[in-house]
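Residues per chain, in single letters:
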Amino acid sequence: GRHDEALVLKRVIFAKQVATFGVSHESIISGSNLANSLNELKLWDESEQLVRDQLVPAALRLLGANHHTTLLLSHRLATALWLNPERRDDPRLNSARRRRDPVLISTQATTL
């Protein structure tokens, strides 16, 4: 439906969450929602950068590697990497693509 409008709102919510609470579980969830919208709109590079550079490090520090939110962020990152046509020639992703294995990408996503 109205993904463009939702993206604008999710950007505002994320910025306000960070400004109000700093880096917190709540702001990480808002960032995850933003990354999901970016993926839906095929803004994979922006999603990848947000998740890899900001959200995953914060989630690992605050929540730990096995927390549901941290795992969800790995999925968001894997989605951005998996669907991004500019990453089609990345040899680190090609073996997982040949096997059609997004789980492999998800487990390796933070190291790419």
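See the structure printed just above.
Since we're looking at a predicted model, the values are computed, not measured. (Residues numbered from 1 in each chain as written. Predicted model: local features only at pLDDT ≥ 70, side-chain atom pairs only at ≥ 80, totals over all residues. Heavy atoms only, no water.)

Draft legend 1. Structural view of the packing of helix 1 (residues 3-21) against helix 2 (residues 25-40). Running from amino to carboxyl end, helix 1 crosses helix 2 at an angle of 155°, the nearest separation of the two axes being 9 Å. On the basis of their axis angle, the class for helix 1 and helix 2 is roughly antiparallel. In this structure, helix 1 meets helix 2 at a crossing whose hand is left-handed. Residue-level contacts link H3, L7, K10, R11, I13, F14, Q17 and V18 of helix 1 to E26, S27, S30, G31, N33, L34, S37, L38 and E40 of helix 2. (Axes fitted to C-alpha atoms, helices over the stretch in contact; angles between N-to-C directions. Helix = DSSP H or I, 4+ residues; strand = E, 2+ residues; numbered from the N terminus. Parallel < 35°, antiparallel > 145°, perpendicular 65-115°, else oblique. Left-handed = near helix turned anticlockwise from the far one by under 90°. Contact = heavy atoms within 4.5 Å.)

Draft legend 2. Molecular detail of the side chain of E48. By the element assignment, E48 lies in helix 3 (residues 44-62). For E48, a relative accessible area of 10% translates into the label buried. Aside from chain neighbours lying at most four places away, what touches E48 is D53, L77, A80, L81 and R87. (Buried < 20%, exposed > 50% of the residue type's maximum accessible area, 1.4 Å probe, protein only.)

Draft legend 3. Broad picture of helix 4 (residues 68-83). Here helix 4 contains 16 residues, and its C-alpha end-to-end distance of 22 Å stays within 8% of the 22 Å for a straight helix at 1.5 Å per residue. All of the buried residues along helix 4 are T69, T70, L73, S74, R76, L77, A78, T79, A80, L81 and W82. (Expected span 1.5 Å × (residues − 1).)

So yeah, pure geometry; function would need other evidence.
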